[in-house]
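Descriptive analysis of the structure
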Amino acid sequence: MTEHYPPRSELRDGMRVDWDVRITMSDGVTLAADVFRPDDDAPHPVLLAAGPYGKGLSFQEGFPSQFQALLTEHPEVCEHSTNAYQVWEYPDPERWVPHGYACVRIDTRGAGGSEGAIDFFSPRETQDLYESVEWAGTRPWSNGKVGMLGISYLASNQWQVAELAPPHLAAICPWEGASDYYREYTHHGGIPTEFLPSWMPYQVTRVQHGRGAAPLNPHTGRRVSGKPVRTPGELAANAIAIGDVLRANPYENDYYRRRSAVLEKITVPTLSASNWGGMGLHSRGNFEAYSRIASPRKWLEVHGLEHWTEFYTDYGVGLQRAFFDHFLKGEDNGWDRRPPVQLKVRTPDGFFVRPEQEWPLARTGWTPYHLDLDEGSLTGSAPGGEQEISFEARSEGVLFTLPALEHEVEITGPAAVKLFVASTTEDADLFVTMHLFAPDGDEVLFPTAFEPHGPLGQGWLRLSQRAPDPERSRPYRPWHAHTAAAPVNPGEVYEADVEIWPLSIVAPAGYRIGLSVRGQDYTHHLPGPHERTYGRELRGSGAYWHELPGDRDRPAYSGVSTLTSRDGQRPVLLLPVVPAR
């Protein structure tokens, strides 16, 4: 029988803390959990989160630069908490337990103190969450209502378990959580992303269950990877080889579908929190889920900055607490009378909060801008005659811009561009980027979810995966099937509708909007040194690189791409222009 650290209970900073509680799953595997709760014998609502990052790895040690930036730039985070119990992407118990909540932190299967094998978002992992919710909802210290709250991985798995509808799950708040495993976590427009293979060794396998060299929980002195020590071979056998899996599964199939929730089955009250700068991972998932879940009690919130920041600020915690106070405590605090959408609309200098009634905004003026291939411009009317422009596939491609704006313009919502493309090879990858240029010509860059200097918006499409799903596509959000490759004959022109993930900007007079079509990841070319993550520099596209070995290093993606424009085949950008109220 596997040996584990024994559960230990103590009183810390006014909280009762139960360390390393074992939760037995239906297949006999046990998961490790820490429980923080008020120092009384009353039942309380529960906030539960489960992730692979090590429930005992302190924020300060595991992610020191992010933690220090959070405290420096947002000192309010220190006003309500000592931050001693902060853990990456989990709720801070010091912000919740004094308000009458029990916080449950769980290591997902194979990570931290939990037995089993790591297999991201697998059906078994989702079943573990179901059983964990039911466990938490039936403890003596629980009032029977469980809410789920967490960021990223700890948000994405909320969609999955909510589809299964555990009886004690009363509300969820997925804070920046992708909901489509293929289109958001692993492939962008059919192009595989290196994110998961890059992320896994730096954030997951370093705290894999049984890793002997793992850090210690500063409060217990115990390894965050649990008590057992496994051999390298045993560790490798208990962790999915995600890069190999992506190469073996280039198209959407049952592997990906089993790891994505059927959103239409979700009926639990939901606060879906997205980030304009979440291009490449989470933002699309929060928008899609809000639009598609069946819950009659759903709200959408959209913010900016780094993807962990607003989760911990007074702004974010205030929203979360009002939501859960209403649905887990039954407080009549006016939450149910709030507008269903709250946007932090982006400007070149910051954000302002604005309530809305729906998404996309009903008053949107869906505005087409035609690409003039000869002039490199975006125009209100289609150019005449035939045009074409070519670029090396592995290059920064071509740029099209609007004239300087004569007055302030707001663009908020999803966008799309229709292109007509030929390739000299049997395939081509299209990387589409939206830009904002200041009056002096410099590009305006934004701190985004995982990139300090990101562009206004991004979209992607592999030409061989251009086949649309006509039932799910909308003019402003094309939907591609991604179930097979369509032939690409060299030199033949193909229609390609590229989804641009939702964006927001109030562009002042004198600024210009731009669109680039390239054959590689966007790079900003700012002088270094640059921040690094997963051993590589962040240079404009965050950690969402698209050079997975064995994929884009093939000759098919190193040819010449040509954009064409002629009668019946005019390239056009569709933007969500929002009129002033």
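The written sequence of each chain sets the order in which its residues are numbered from 1. It should be noted that, the model being predicted, local features are given only for residues of pLDDT at least 70 and side-chain atom pairs only at 80 or more, the latter also being counted only at that level, while totals for whole chains, interfaces and linings use all residues. Where side-chain values are given, they derive from all heavy atoms of the structure, hydrogens and water being excluded.

**With respect to the packing of aromatic side chains**
Operational definition: Within 6.5 Å between ring centres, the rings of Phe, Tyr and Trp (the latter by its six-membered ring) count as paired, and their orientation is classed by plane angle as stacked under 30 degrees, edge-to-face over 60, tilted in between. Helix and strand labels come from DSSP, where a helix needs a run of H or I of at least four residues and a strand needs a run of E of at least two; each type is numbered from the N terminus. Summary of the burial criterion: residues with accessible area below 20% of their type's maximum are buried, those above 50% are exposed, and those between are partly exposed, where the area comes from a 1.4 Å probe applied to protein chains only. In this analysis the charged atom, NZ for Lys or CZ for Arg, is taken to sit over a ring once it is within 6 Å of the ring centre and within 35 degrees of the ring normal.
This model, assessed by the stated rule, comprises 41 aromatic pairs. Relative to F36, the ring of W19 has its centre 5.6 Å away and its plane inclined at 85 degrees; by these criteria the two rings are edge-to-face. With W19 in strand β2 (residues 15–24) and F36 in strand β3 (residues 30–38), this pair connects stretches of sequence that are 17 residues apart. Each member of the pair, W19 as well as F36, carries the same accessibility label: buried. Between F450 and Y544 the ring centres are 6.5 Å apart and the planes differ by 45 degrees, which places this aromatic pair in the tilted class. Here F450, found in the loop between β19 (429–437) and β20 (457–462), pairs with Y544, found in the loop between β24 (536–537) and β25 (560–565); they are 94 residues apart in sequence, far enough to count as distant. Taken individually, F450 and Y544 each receive the classification buried, so the pair is uniform in this respect. Here the guanidinium or amino end of R346 rests over the ring plane of F446, the centre of that ring lying 4.3 Å away. One residue, R472, lies across the ring of W479, its end atom 3.9 Å from the ring centre.

**Observations regarding the pairing of strand β13 (residues 350–356)**
Put simply, the test is: Only strands that DSSP links by at least two bridges are regarded as paired with each other.
Judged from the seven bridges that link them, strand β12 (residues 341–347) and β13 form a sheet pairing that is antiparallel. Within β13, the residue paired with T347 across the bridge is G350.

**Notes on the nonpolar core**
Here is the rule: Definition of nonpolar core: a set of buried residues of the types Ala, Val, Leu, Ile, Met, Phe, Trp, Tyr and Cys, connected through side-chain atoms within 4.5 Å. Between two residues, a contact is recorded if the distance between any of their heavy atoms is within 4.5 Å.
If you look at the biggest cluster of nonpolar residues, it comprises 69 residues, and the most contacted ones within it are F120, W199 and F324. Not counting the four nearest positions on each side in its chain, W199 is found in contact with P52, Y53, F120, Y153, V204 and Y534. Core analysis: the next-biggest nonpolar cluster, separate from the first, contains 42 residues, V398, L402, L405 and A507 among them.

**A closer look at the environment of L419**
With respect to the secondary-structure elements, L419 resides in strand β18 (residues 409–423). Since its relative accessible area comes to 1%, L419 is described here as buried. Each residue touching L419, except ones within four places of it in the same chain, is listed here: L371, L430, Y494, E495, A496, V498, V517 and P571.

**Side note on unusual backbone geometry**
With an omega dihedral of -10 degrees, the bond running from W359 to P360 counts as a cis peptide bond. Inspection of the secondary structure puts P360 in the loop between β13 and β14 (365–372). For the peptide bond that leads from G528 to P529, omega is 0 degrees, which places it in the cis range. Not every positive phi belongs to a glycine, and N83 is a case in point at roughly 65 degrees. Checked against the element boundaries, N83 lands in the loop between α2 (64–73) and β5 (102–107). Given the relative accessible area of 2%, N83 is considered buried. A positive phi angle, close to 60 degrees, is found at E176, a residue other than glycine.

**Things to note about the sheet that holds strand β10 (residues 270–275)**
Counted only if it meets this: With axes taken as lines fitted to C-alpha atoms, and helix axes fitted only over the stretch in contact, angles between N-to-C directions fall between 0 and 180 degrees.
Spatially, the eleven strands line up as an open sheet ordered β1-β2-β3-β5-β4-β6-β7-β10-β11-β12-β13, and their pairing is mixed. In this open sheet, the two strands that pair with only one neighbour each are β1 (8–12) and β13. This sheet shows a mean twist of 20 degrees between the axes of neighbouring strands, independent of strand direction. As defined by bridge partners, β2 adjoins β3 across eight bridges and the pair is classed as antiparallel. Following the sheet pairing, R16 is matched in β3 by R37.

**Some words on helix α12 (residues 314–329)**
Among the 16 residues in α12, twelve count as buried, and that is most of the element. Buried within α12 we find Y315, G316, V317, L319, Q320, R321, F323, F324, D325, H326, F327 and L328.

**Focus on helix α4 (residues 153–164)**
Along an α-helix, a turn takes 3.6 residues, which lines up residues three or four apart on a common side. Selection criterion: Helix span is expected to be 1.5 Å times the residue number reduced by one.
The end-to-end C-alpha distance of α4, which contains twelve residues, comes to 18 Å, matching closely the 16 Å that a straight helix rising 1.5 Å per residue would cover. The element α4 is extensively covered by neighbouring structure, given that ten of its twelve residues are classed as buried. Of the positions making up α4, those classed as buried are Y153, L154, A155, S156, N157, Q158, W159, Q160, V161 and A162. A positive phi of about 55 degrees marks A165, the residue just after α4.

**Considering the pairing of strand β4 (residues 44–51)**
Burial of β4 is extensive: eight of the eight residues sit out of reach of the surface. Inspection of the sheet shows β4 paired to strand β6 (residues 142–151) by four bridges, in the parallel sense. Each bridged residue has a counterpart across the sheet, and for L48 the counterpart in β6 is M148. Of the strand pairs in this sheet, β4 and β5 are connected by six bridges, and their pairing is parallel. Within β5, the residue paired with V46 across the bridge is A102.

**What to know about the packing of helix α3 (residues 123–137) against α4**
Rules: Angles are sorted into four bins: roughly parallel if under 35 degrees, roughly antiparallel if over 145, roughly perpendicular if 65 to 115, and oblique for all others. Each residue gets one label: Ala, Val, Leu, Ile, Met, Phe, Trp, Tyr, Cys and Pro are nonpolar, Asp, Glu, Lys and Arg are charged, and the others, such as Gly, are polar.
Here α3 crosses α4 at 80 degrees, and the two axes come no closer than 9 Å. The orientation of α3 with respect to α4, classified from their angle, is roughly perpendicular. Between α3 and α4, the residues in contact are E125, T126, Q127, L129 and Y130 and Y153, N157, Q160, V161 and L164, respectively. Residues that form the contact of α3 with α4 fall into these classes: five nonpolar, four polar and one charged.

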